[in-house]
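Chains, contacts and geometry: an overview
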Amino acid sequence: MTKSEFKSFIKSVPKAELHIHIEAVITMAGIKKMYKNRYGKEMTKEEQTALFSYNDLNGFIQAFLKVQDLFVSEKDFNVVFKELEKYLVRNGIDYCEAFFAPTAFLKKGFSYKKMVQIFHKQIARIKEKDGITIKLLMDVSRTFGCENAMKNYELLKAYPCEDIIGIGLGGAEAKGPAKEYEPVFQLAKKEGWRVVAHAGEDVGPESIWDSINCLGVERIGHGVTAYQDKKLIDELIKTKLPIEICITSNTFTKKVVKMARYHPVRKYFDQGIMVCINTDDPVFFKTTMLDELWICVKSLKFTMDEIKQLIKNSYISSFMSDSEKKAALAAVDKAWKI
């Protein structure tokens, strides 16, 4: 099967994506439009090149913050969700759990209440128009510290929205150990919110252990350094704690994985760890869900039956209800006609 044949077929199969940041789906056209609105002039080619010129995780985070800085009002989130909608449709994704990071916007004076209202309106529109379900997780980023994370969580409670189901820990992993955020996550877990964390992306397996033991997370984002600790691997096999794999993102940082064919997802899958495939930041890393699944075939030698299982794993690892999962898995089986 050629790459184009593979993508065409996989697009026709329903899929879920569980690790994607909403600001990272804005295309260059959208960025240029927001730049002009922000600065009153056209974005130069040099500025476009500079924005996407980075070679490590911290450099990427700074670029991510620069994109966030282009927002001038809450209304810019209408652009974000229209771009997210296009991405999900192009990739045949019918269920998505996405991160949104409010802090940078709150610091600009945006109203959290108004942001959430736009989120809800756009998510309802996408559901009605495309049949796609979107749920959100608030990213309480390490970039701004634990006290700020707690303030974000309080906003989450003060302005409830049916589309927002929990919190996640993101940001520069080396600068913010997961255990420092235990008060926020344990409170959220106690009060019924879903909890996840980026861990084992840029530092060792101790970050994953802390996310499990201190934060009580229900999924791990990235988890590429888990292979460095046999006890952790055994724990992941036993508990089936899902790992949100982002191959291109992990390869880009080159901190742990230098090339896609060396990504530990192949070993994780073979060992029985619950892994699912995601993009993280599609525009920043120039990838899509279809691309990531093709990498699994081309570079990591996954068979088509294994690709089908990876697709199913995303639904299994999601926060959908059991009945929704059952229906989604049946839909995959129905569409899988090779």
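Please read all numbers here as calculations on a predicted model, not as lab measurements.

Cut-offs applied
Residues numbered from 1 in each chain as written. Predicted model: local features only at pLDDT ≥ 70, side-chain atom pairs only at ≥ 80, totals over all residues. Heavy atoms only, no water. Core = buried A, V, L, I, M, F, W, Y, C linked by side-chain atoms within 4.5 Å. Buried < 20%, exposed > 50% of the residue type's maximum accessible area, 1.4 Å probe, protein only. Contact = heavy atoms within 4.5 Å. Helix = DSSP H or I, 4+ residues; strand = E, 2+ residues; numbered from the N terminus. Polar contact = N/O pair within 3.5 Å; in protein donor to acceptor, adjacent residues only side chain to side chain. Pairing = 2+ DSSP bridges. Axes fitted to C-alpha atoms, helices over the stretch in contact; angles between N-to-C directions. Parallel < 35°, antiparallel > 145°, perpendicular 65-115°, else oblique. Left-handed = near helix turned anticlockwise from the far one by under 90°. Nonpolar A, V, L, I, M, F, W, Y, C, P; charged D, E, K, R; others polar. Salt bridge = Lys/Arg side-chain N within 4 Å of Asp/Glu carboxyl O. Expected span 1.5 Å × (residues − 1). Arc of directions from axis to C-beta.

**Side note on the nonpolar core**
In this structure, Phe77, Leu136 and Ile307 are the most contacted members of the largest nonpolar core, which totals 109 residues. Beyond its immediate chain neighbours, meaning those up to four positions away, Ile307 contacts Phe6, Ile10, Leu293, Cys296, Val297, Phe302 and Trp336. Formed by five residues, the second largest nonpolar core is a distinct cluster that contains Leu137, Ile165, Val196 and Phe319.

**What to know about the side chain of Glu97**
By the element assignment, Glu97 lies in strand β2 (residues 93–100). For Glu97, a relative accessible area of 0% puts it in the buried group. A distance of 2.8 Å separates the side chain of Glu97 from the side chain of Arg219, its partner in a polar contact. Not counting chain neighbours up to four residues away, the residues in contact with Glu97 comprise Glu17, Leu18, His19, Ile20, Lys135, Ile165, Arg219, Ser318, Phe319 and Met320.

**Concerning the sheet that holds strand β8 (residues 275–277)**
Judged by pairing direction, the sheet is parallel, and its eight strands sit side by side in the order β1-β2-β3-β4-β5-β6-β7-β8 without closing on themselves. The two strands at the open ends of the sheet, each matched to only one other strand, are β1 (15–17) and β8. Adjacent strand axes in the sheet meet at a mean angle of 25°, parallel and antiparallel pairs treated alike. The sheet contacts of helix α9 (residues 182–190) involve β4 (164–169) and β5 (194–199), and relative to β4 the element is tilted by about 155°.

**Points about unusual backbone geometry**
Among all residues except glycine, the phi angle is most often negative; among peptide bonds, the trans geometry is most common. Positive phi, close to 60°, is recorded for Lys240, a residue that is not glycine. Mapped onto the elements of the fold, Lys240 is located in the loop between α11 (230–239) and β7 (243–245). In this structure, Lys301 is a non-glycine residue whose phi angle is positive, near 60°. Take Lys301: its relative accessible area is 61%, and that puts it in the exposed class.

**Considering the packing of helix α1 (residues 3–11) against helix α15 (residues 289–298)**
Between α1 and α15, whose axes approach to 10 Å, the crossing angle comes to 125°. In terms of their interaxial angle, α1 and α15 are classed as oblique. Here α1 and α15 pass one another in a crossing that is right-handed. From α1, Lys3, Phe6, Lys7, Ile10 and Lys11 reach across to α15, where they touch Leu290, Asp291, Leu293, Trp294 and Val297. Of the residues contributing to the contact of α1 with α15, the split by class is six nonpolar, no polar and four charged.

**A short note on the pattern of salt bridges**
In the structure shown here, the tally under the stated rule is 19 salt bridges. A salt bridge links Asp333 to Lys308; its shortest N-O distance comes to 3.0 Å. In this pair, Asp333 sits in helix α17 (residues 322–335) while Lys308 sits in helix α16 (residues 304–317), placing the two residues 25 residues apart along the sequence. Judged by its relative accessible area of 36%, Asp333 falls in the partly exposed class. In this structure, Asp333 and Lys312 form a salt bridge, with 2.8 Å as the shortest nitrogen-oxygen distance. Pair noted here: Asp333 is in helix α17 and Lys312 is in helix α16, with a separation of 21 residues, a long-range link. Linked through salt bridges whose partners overlap, the residues forming this network are Glu85, Arg125, Lys129 and Asp130.

**Remarks on the pairing of β2**
Within β2, seven of the eight residues are buried, leaving the element largely enclosed by the surrounding structure. Across three bridges, β1 lies against β2 in parallel orientation. Note on β2: the bridge partner recorded for Glu17 is Cys96. Relative to strand β3 (residues 133–139), β2 is paired through six bridges, and the arrangement is parallel. From the neighbouring strand, Glu97 faces β3, where its bridge partner is Lys135.

**Let's talk about α17**
Taking 1.5 Å of rise per residue, 14 residues should cover 20 Å, and α17 covers 20 Å from first to last C-alpha, within 8% of that figure. Within the sequence span of α17, burial applies to Lys325, Ala328 and Val332. Here the buried residues of α17 occupy an arc of 65° about the axis, which is enough to place them on one side. Turned more than 90 degrees away from the buried face of α17, the exposed residues are Ser323, Lys326 and Lys334. Each element contacted by the buried residues of α17 is listed here: α16.

The quantities given are spatial measurements derived from coordinates; they are silent on function.
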